[in-house]
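# Report on the structure
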Amino acid sequence: MVQYLSHRTISPPKSQPMASLSSGAATTPRLLPSASRVRLPISSACSSLSLSSSSSYSPSSLKCLRLSPLSPLICKDQKRSSMSTVAAASDAAQLKSAREDIKELLKSKFCHPILVRLGWHDAGTYNKSIEEWPKRGGANGSLRFEIELKHAANAGLVDALKLIQPIKDKYSGVTYADLFQMASATAIEEAGGSKIPMKYGRVDVSAPDECPEEGRLPDAGPPKPADHLREVFYRMGLNDKEIVALSGAHTLGRSRPERSGWGKPETKYTKNGPGAPGGQSWTAEWLKFDNSYFKDIKERKDGDLLVLPTDAALFEDPSFKVYAEKYAEDKEAFFKDYAEAHAKLSNLGAKFDPPEGIVLDGVAGEKFVAAKYSSGKRDLSETMKQKIRAEYEAVGGTPDKPLQSNYFLNIIIVIGVLALLTSLLGN
């Protein structure tokens, strides 16, 4: 799920013209793309940013908003052409540096929720029934184009792009798709949440006509919340446990009624910010990632805390309730399941180059560890680990599903061994 944006639109200096930019901030930010209903973005994105229209930006920080051969961001009617130059994959060293810059951004702008939402909304358009990339949607950087930014569910996310564009300008060897997902995972971790087992190397789409159609993200208040959540998340290949775990990201952020139609204009938890004051949060400490979301939804003792129909469904639907009750009692279980679900979401629909992805800090986020095949005298290099992992996956192995045994071959081997032993004993 995702939260609504709760921050003000950032206006660039008058001297910096923008190319046909429509932030959507003036429109009613629905959680989902629907002309008639408020929609719920699939992520925990609604934090207030400590930004204002007086904020100053350098020319490079708004480069993404102008026509640029290297930055096709928000170009209204841009078609695929030689003007669209997109990196095939990201550089590992630049990824590490970009991550450090994101951490500094989070410390200064308190923008954890909106960055989570940015990553979720880029990945959450995935449709498992469509095999062709990028028609299947998913984490491919398409959210940088105006046509997708104008989707009702993405209202206000132009501000998130403005926040991270200076980082993209600084590290041209990092794709938008990777930057969006890195910002989302890092925001969770820096808010005190799970360590997300991420991999990088996502390829960017190159033109607006590769963006998914509007309507793939969930509503906040559908007639049948549980059924609706399953319809949307099952389409992505996620299950009930993952739906509930990802809903827990609502522990971050707040909703503003003037944008989403949900929540109070202000509560005791939001009247003083940080960032622009106002809105209604799901939790008292809405910039801290923990399991308080589940506790608060279960108890419903505080009228200043928000409960959407899709939130309430977690304790009303029998299958969802099993996990919601568990997470309310066991923070470690929630953190573990959330990390796995977030990592899975961040990879949906992505095309990786190299195919095995790029792992930073040796944290593959996989149960298969290539180093196990080391001689013991010297650990394998990261390059070799990635090669072994790729070969493992190429023959059918995955982190969550070990290679299946060939029972027929095993029987033949057993018979052969028994025959050999019989022969030896006979002699």
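Remember, predicted model here, so these are calculated numbers, not experimental data. (Residues numbered from 1 in each chain as written. Predicted model: local features only at pLDDT ≥ 70, side-chain atom pairs only at ≥ 80, totals over all residues. Heavy atoms only, no water.)

### Quick notes on the packing of helix 6 (residues 225-235) against helix 7 (residues 240-247)
- Where helix 6 contacts helix 7, the two axes come as close as 10 Å, and the packing angle between them is 105 degrees. Judged on the interaxial angle alone, helix 7 and helix 6 are roughly perpendicular. Counted together, Leu229, Arg230, Phe233 and Tyr234 of helix 6 and Asp240, Ile243 and Leu246 of helix 7 form the full contact between these two elements.
- A breakdown of the residues in the contact of helix 6 with helix 7 according to their chemical character gives 5 nonpolar, no polar and 2 charged. (Axes fitted to C-alpha atoms, helices over the stretch in contact; angles between N-to-C directions. Helix = DSSP H or I, 4+ residues; strand = E, 2+ residues; numbered from the N terminus. Parallel < 35°, antiparallel > 145°, perpendicular 65-115°, else oblique. Contact = heavy atoms within 4.5 Å. Nonpolar A, V, L, I, M, F, W, Y, C, P; charged D, E, K, R; others polar.)

### Side note on the confidence of the model for the protein
- Per-residue pLDDT for the protein averages 78, and the proportion of residues at 70 or more is 69%.
- This model gives residues 1-88 a pLDDT under 50, and the stretch forms 319 contacts once residues within four places in sequence are excluded. (pLDDT = per-residue confidence, 0-100.)

### A word on helix 5 (residues 176-190)
- Its 15 residues give helix 5 an end-to-end C-alpha distance of 20 Å, which sits within 8% of 21 Å, the value for a rise of 1.5 Å per residue.
- For helix 5, a buried count of 14 out of 15 residues is recorded, marking the element as mostly surrounded by other parts of the structure.
- In the stretch just after helix 5, Gly192 is the one whose phi turns positive, near 100 degrees. (Expected span 1.5 Å × (residues − 1). Buried < 20%, exposed > 50% of the residue type's maximum accessible area, 1.4 Å probe, protein only.)

### What to know about the nonpolar core
- Among the nonpolar cores identified, the biggest contains 75 residues, and Leu115, Phe289, Phe294 and Tyr338 are the most heavily contacted of them.
- The leading source of residues in this core is helix 5, at 8 residues.
- Apart from the residues within four sequence positions on either side, Phe294 is in contact with Val244, Gly248, Leu314, Phe315, Ala324, Tyr327, Ala328 and Phe334.
- Phe145, Val203, Val205 and Cys211 belong to the second largest nonpolar core, which has 5 residues in total. (Core = buried A, V, L, I, M, F, W, Y, C linked by side-chain atoms within 4.5 Å.)

### A word on the UniProt feature "transmembrane region" (unreviewed entry) in the protein
- Those residues carrying the UniProt feature "transmembrane region" (unreviewed entry) are residues 407-426 in this numbering.
- Structurally, residues 407-426 is divided into 100% helix and 0% strand, and its ends, taken at the C-alpha atoms, are 28 Å apart. (UniProt positions renumbered as here; feature names shortened; annotations may be inferred.)

### Details of the side chain of Ser184
- Topologically, Ser184 is positioned in helix 5.
- The exposure class of Ser184 is buried, given its relative accessible area of 0%.
- The residues touching Ser184, leaving out its near neighbours within four places in the chain, are Leu115, Val116, Gly119, Trp120 and His342.

### Some thoughts on the side chain of Ser90
- Mapped onto the elements, Ser90 comes out in the segment before helix 1 (92-109).
- On the basis of relative accessible area, Ser90 is assigned to the buried category, the value being 8%.
- Within polar-contact distance, the side chain of Ser90 engages the backbone nitrogen of Thr175 at 3.0 Å.
- At 2.6 Å, the side chain of Ser90 and the side chain of Asp178 are in polar contact.
- Excluding residues within four positions of it along the chain, Ser90 makes contact with Leu95, Gly173, Val174, Thr175, Asp178, Gly201 and Ile358. (Polar contact = N/O pair within 3.5 Å; in protein donor to acceptor, adjacent residues only side chain to side chain.)

### Some points on the packing of helix 10 (residues 309-316) against helix 11 (residues 318-329)
- Close contact between helix 10 and helix 11 brings their axes to 5 Å; oriented N to C, the two are set at 90 degrees. With respect to each other, helix 10 and helix 11 are oriented roughly perpendicular. Of the residues in helix 11, those touching helix 10 at Ala313, Leu314, Phe315 and Glu316 are Pro318, Phe320, Lys321, Ala324 and Glu325.
- Looking at the contact of helix 10 with helix 11 residue by residue, the classes come out as 6 nonpolar, no polar and 3 charged.

### So, empty space enclosed by the protein
- As enumerated under the stated definition, the model contains 3 cavities of 30 Å³ or more in all.
- In this model, the largest cavity occupies a volume close to 110 Å³.
- Lining the largest cavity we find 12 residues, and of these Arg99, Lys195, Ile196, Met198 and Tyr200 sit closest to its centre.
- For the lining of the largest cavity, the element with the most residues is helix 5, which contributes 3 residues.
- Partitioned by chemical class, the residues of the lining of the largest cavity number 7 nonpolar, 1 polar and 4 charged.
- The calculated volume of the second largest cavity comes to roughly 50 Å³. (1 Å grid on protein atoms, 1.4 Å probe; cavity = no way out; pocket = protein on both sides within 12 Å on 5 of 7 lines; lining within 4 Å. Points joined across faces, edges and corners; volume = space filled by probe spheres on them.)

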